[in-house]
2 protein chains.
Amino acid sequence: MRARVFVTLKPSVFDPQGTTVAEALHTLGYGAVKGVRQGKYFELDIDASTPEDARRLASEAAEKLLANPVIESYRIEVDAGAAEAVR
Amino acid sequence: MRARVFVTLKPSVFDPQGTTVAEALHTLGYGAVKGVRQGKYFELDIDASTPEDARRLASEAAEKLLANPVIESYRIEVDAGAAEAVR
């Protein structure tokens, strides 16, 4: 089963990497891009019997390892069965 | 309008960062995690009139700046109108 974990800095935390990307896009002529936030993205291939199990495991992994809960928030998506197709 | 860009290494490219995360998860007792691929995640706040415009702009940005098309692939999602709510 495939779980996707998106980790981003909390909105109140300054994101210099995102700001730099936004400025680079402006330099390239993309003034329509008003703001950029950069984050991390993880695809976990999980051996779980139900999507709920996969989500619970991904959530624990995010809390303990993938995200820093002090300054980052995370979001999880699980797509059951698609793991083989995508990977 | 909010566009999300997911950049991952192509499946044929070795991902040592993902492998390290997978090993760390095994050490923490999460043996059910069979594999991890790590990527980058960008949230672009785009001033566009239609979702199609936003997607086209995000796609150009990904091609030119956010992803390295030689070794990375990217995926784009646009959610119209949700930009203010999420940001």
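Our subject is the structure listed above.
Below, the structure is looked at part by part. This structure is a prediction, so every number in the text was calculated from the model and none was measured.

### Thoughts on the packing of helix H2 (residues 51–66) of chain A against helix H1 (residues 16–27) of chain B
Relative to each other, H2 of chain A and H1 of chain B sit at 105°, their axes nearing to 11 Å. By the angle between their directions, the pair H2 of chain A and H1 of chain B is classed as roughly perpendicular. Here Ala61, Leu65 and Leu66 of chain A of H2 of chain A come into contact with H1 of chain B, specifically with Val21, Ala24 and Leu25 of chain B. The residue makeup of the contact of H2 of chain A with H1 of chain B, split by class, is six nonpolar, no polar and no charged.

### What about the sheet that holds strand E2 (residues 33–46) of chain A?
Backbone-to-backbone hydrogen bonds pair the strands of a sheet. The strands run either parallel or antiparallel. Pairing is antiparallel across the open sheet formed by six strands, whose spatial order is E3(A)-E1(A)-E2(A)-E2(B)-E1(B)-E3(B). Of all the strands in the sheet, the pair left with one neighbour each is strand E3 (72–79) of chain A together with strand E3 (72–79) of chain B. When strand polarity is set aside, the average angle formed by the axes of neighbouring strands in this sheet is 25°. Direction of pairing for strand E1 (residues 2–9) of chain A relative to E3 of chain A: antiparallel, over a ladder of eight bridges. Across the sheet, the residue bridging to Ala3 of chain A is Val78 of chain A, located in E3 of chain A. Where helix H1 (residues 16–27) of chain A meets the sheet, its contacts fall on E2 of chain A together with strand E2 (33–46) of chain B, and the angle it forms with E2 of chain A comes to roughly 125°. Set on the sheet, helix H2 (residues 51–66) of chain B makes contact with E2 of chain A together with strand E1 (2–9), E2 and E3 of chain B; between it and E3 of chain B the angle comes to about 155°.

Cut-off values and rules
- Residues numbered from 1 in each chain as written.
- Chains lettered and ligands numbered in written order.
- Predicted model: local features only at pLDDT ≥ 70, side-chain atom pairs only at ≥ 80, totals over all residues.
- Heavy atoms only, no water.
- Axes fitted to C-alpha atoms, helices over the stretch in contact; angles between N-to-C directions.
- Helix = DSSP H or I, 4+ residues; strand = E, 2+ residues; numbered from the N terminus.
- Parallel < 35°, antiparallel > 145°, perpendicular 65-115°, else oblique.
- Contact = heavy atoms within 4.5 Å.
- Nonpolar A, V, L, I, M, F, W, Y, C, P; charged D, E, K, R; others polar.
- Pairing = 2+ DSSP bridges.

Everything listed is a geometric property; what it means functionally is a separate question.
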